[in-house]
Amino acid sequence: MADFAPDHAGVTPMNLRTAKVAVKRIAEFATAKTAPLLWHRRRGSLVVLMYHRVLPPGDPRLEVEQPGMYVHPATLHLHLRTLKRHFQPVRLDHWIRAARDNAPLPERAFAITFDDGWADNFEYAYPLLVAENVPATIFVVSDLVGTGRLFWPERLGTLLRQGLAQHAAKLYSLSEFAWLRTLDMPIPSSERELDPELLDRIVNGAKRDDDATLCARVEAMAARLGDSGSPRTAELLSWDQIREMAGSGLVSIGSHTRRHTRLSDALTPETLHDEIAGSRHIIESNAGCEAPLFCYPNGDATANVRSIVSEHYQAACSTLPGWHGVGADHYMIRRISVHQDITCDETSLLARLSGWI
Ligand SMILES: [Zn+2]
């Protein structure tokens, strides 16, 4: 019987992972070849791509960044050239206005969006947008522009790395860091264990609590480690950079609230109004351009939130996946999220755009 016994000895987790990668690659290849053949049926459709950061390999800013947050400049360039072969580039606010006015629309269009207002958008993405003549919308967080401050997930990553370097596993016996033990997941006991995937899980696990709680925790952690909160380099856009890009006509600036607050009905009506309408006022007075588009932080939007947004904006982007169309809800624009680890070449980008896998 031994001759016919299955040989489990050769099946290792590594082999399984390699096999899964190979199957995924074959599926991507087949999808990338067939999906575009059907796109002629989607007349009047708009593909909106969602980016965050654009940073080159080895940039120190990637050390505490989640994998889903960035593409490398060469990847963005490849995306722009690939997209132009299949779709017409449009500025999102222009396309929305045309759709609302029943004006003629391109047969198939794509619009680029960047969330959060990272300085690397100016440094690495803007030159590529100019070179390829592709418009984009950057959704900025009005109160963080030009301040040198950061969002809590990046601050958390920096502080964890710093704290682990100083205290290793004893870090969690400090009262300011003890809450991390209550997350339902393994936490790193050394700086080496804090890889991007684990940081991603910690950030997503922390989101069970509201923004005010998380910001207060991060501030307490920073105070304990004596961290001033100033990043080594300016991580977010300045008003000068925003004005330069907006002045080109190629980039439109949209609102992503005042403080990147996740919008829910638990917030007071005053706070919601301030985050939604207040941010537009600040952006328009500092950037010298109109800001007719909004983007929900973390994609969070209730019916009430959408209703307030619709009073103050022409349209709003969600994080729901898929294509947008003329008849779709302009206050819940679907987008395709793209990042380095899943769309690093033409095949994976086209497969991603199909929405099939
Ligand atoms: Zn955001």
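None of these values were measured; they are calculated from a predicted model.

### With respect to the overall build of the protein chain
- Looking only at helices and strands, the protein chain has 11 helices and 10 strands in total.
- When the backbone C-alpha atoms are referred to their principal axes, the protein chain occupies close to 70 × 60 × 40 Å.
- Residue burial in the protein chain is summarised as follows: out of 357 residues, 52% are buried.
- A total of about 16,500 Å² of accessible surface is found on the protein chain, and carbon and sulfur atoms cover 54% of it.
- Across the protein chain, 38 positive and 43 negative side-chain charges occur, with their mean positions spaced 4 Å apart.

### A word on the coordination of the zinc ion
- Protein-derived coordination of the zinc ion comes from Asp116 (OD), His256 (NE2) and His260 (NE2), at a distance range of 2.1 to 2.2 Å.
- Accessibility expressed as a relative area gives 7% for aspartate 116, which makes it buried.

### Considering the packing of helix H9 (residues 269-287) against helix H10 (residues 303-312)
- Packing of H9 against H10 brings their axes to within 10 Å, and their N-to-C directions diverge by 25°. Considering their axes alone, H9 and H10 lie roughly parallel with respect to each other. Between H9 and H10 the crossing geometry is right-handed. Residues Leu272, His273, Ile276, Ala277 and Arg280 of H9 form the contact with H10, whose participating residues are Asn304, Val305, Ile308, Val309 and His312.
- Its residues placed into classes, the contact of H9 with H10 shows six nonpolar, three polar and one charged.

### A look at the domain arrangement of the protein chain
- Domain boundaries in the protein chain define domain 1 (23-35 + 42-147 + 238-354) and domain 2 (152-225).
- Facing 11 residues of domain 1, the contacting portion of domain 2 comprises 15 residues.
- Together domain 1 and domain 2 conceal approximately 1,100 Å² of surface at their shared face, both sides included; 45% is due to carbon and sulfur atoms.
- Taken together, the connections running from domain 1 to domain 2 amount to one salt bridge.
- Taking the shortest distance from any N to any O, the salt bridge between aspartate 211 and arginine 262 comes out at 3.1 Å.
- At the boundary of domain 1 and domain 2, one finds six residue pairs in polar contact (both at pLDDT 80 or more).

### Focus: the environment of alanine 109
- With respect to the helices, strands and loops of the structure, alanine 109 is situated in strand S5 (residues 108-116).
- Taking the C-alpha atoms as reference points, alanine 109 and histidine 86, separated by 23 residues in sequence, lie 8.5 Å from one another.
- When residues no more than four places from it in sequence are discounted, the contact partners of alanine 109 are Ser45, Leu46, Val47, Phe87, Gln88, Val90 and Trp95.

### Here we look at a negative patch on the surface
- Among the surface-exposed residues, Glu193, Asp195, Glu197 and Asp341 lie close enough to one another that they form a single negatively charged patch.
- In this structure, glutamate 193 sits in the loop between helix H5 (152-167) and helix H6 (196-206).
- Here glutamate 193 falls in the partly exposed class, since its relative accessible area comes to 39%.

### A word on the nonpolar core
- Leu49, Leu76, Ile112, Phe114, Ile253 and Leu353 are the most contacted members of the largest nonpolar core, which totals 43 residues.
- Residues contacting phenylalanine 114, with those up to four places away along its chain left out, are Tyr51, His52, Val54, Leu76, Asn121, Ala125, Leu129, Ala136, Thr137, Ile138 and Phe139.
- One finds Trp179, Leu194, Val203 and Ala206 within the second-largest nonpolar core, a separate group that totals 24 residues.

### Some words on the layout of surface pockets
- Estimates place the volume of the largest pocket at around 1,200 Å³.
- What lines the largest pocket is a set of 48 residues, among which Phe151, Trp152, Pro153, Lys207 and His260 lie closest to the centre.
- Looking at the lining of the largest pocket, the elements with two or more residues in it are S5, H5, H6 and helix H7 (211-225).
- Element by element, the count of residues in the lining of the largest pocket is highest for H7, at five residues.
- Partitioned by chemical class, the residues of the lining of the largest pocket number 17 nonpolar, 18 polar and 13 charged.
- Shared between two domains, the lining of the largest pocket takes at least three residues from each, and those domains are domain 1 (23-35 + 42-147 + 238-354) and domain 2 (152-225).

Parameters and conventions
- Residues numbered from 1 in each chain as written.
- Predicted model: local features only at pLDDT ≥ 70, side-chain atom pairs only at ≥ 80, totals over all residues.
- Heavy atoms only, no water.
- Helix = DSSP H or I, 4+ residues; strand = E, 2+ residues; numbered from the N terminus.
- Buried < 20%, exposed > 50% of the residue type's maximum accessible area, 1.4 Å probe, protein only.
- Areas by Shrake-Rupley, 256 points an atom, 1.4 Å probe, with all protein chains shown as cover.
- Lys, Arg positive; Asp, Glu negative; His and termini not counted.
- Charge placed at Lys NZ, Arg CZ, Asp CG, Glu CD.
- Donors = N, O, S within 2.8 Å, 3.2 Å for Na, K, Ca; no water.
- Axes fitted to C-alpha atoms, helices over the stretch in contact; angles between N-to-C directions.
- Parallel < 35°, antiparallel > 145°, perpendicular 65-115°, else oblique.
- Left-handed = near helix turned anticlockwise from the far one by under 90°.
- Contact = heavy atoms within 4.5 Å.
- Nonpolar A, V, L, I, M, F, W, Y, C, P; charged D, E, K, R; others polar.
- Domains from an automatic or database assignment.
- Buried area = accessible area lost by both parts, 1.4 Å probe.
- Salt bridge = Lys/Arg side-chain N within 4 Å of Asp/Glu carboxyl O.
- Polar contact = N/O pair within 3.5 Å; in protein donor to acceptor, adjacent residues only side chain to side chain.
- Patch = residues over 30% accessible without salt bridge, like charges linked within 9 Å, V, L, I, M, F, W, Y side chains within 5 Å.
- Core = buried A, V, L, I, M, F, W, Y, C linked by side-chain atoms within 4.5 Å.
- 1 Å grid on protein atoms, 1.4 Å probe; cavity = no way out; pocket = protein on both sides within 12 Å on 5 of 7 lines; lining within 4 Å.
- Points joined across faces, edges and corners; volume = space filled by probe spheres on them.

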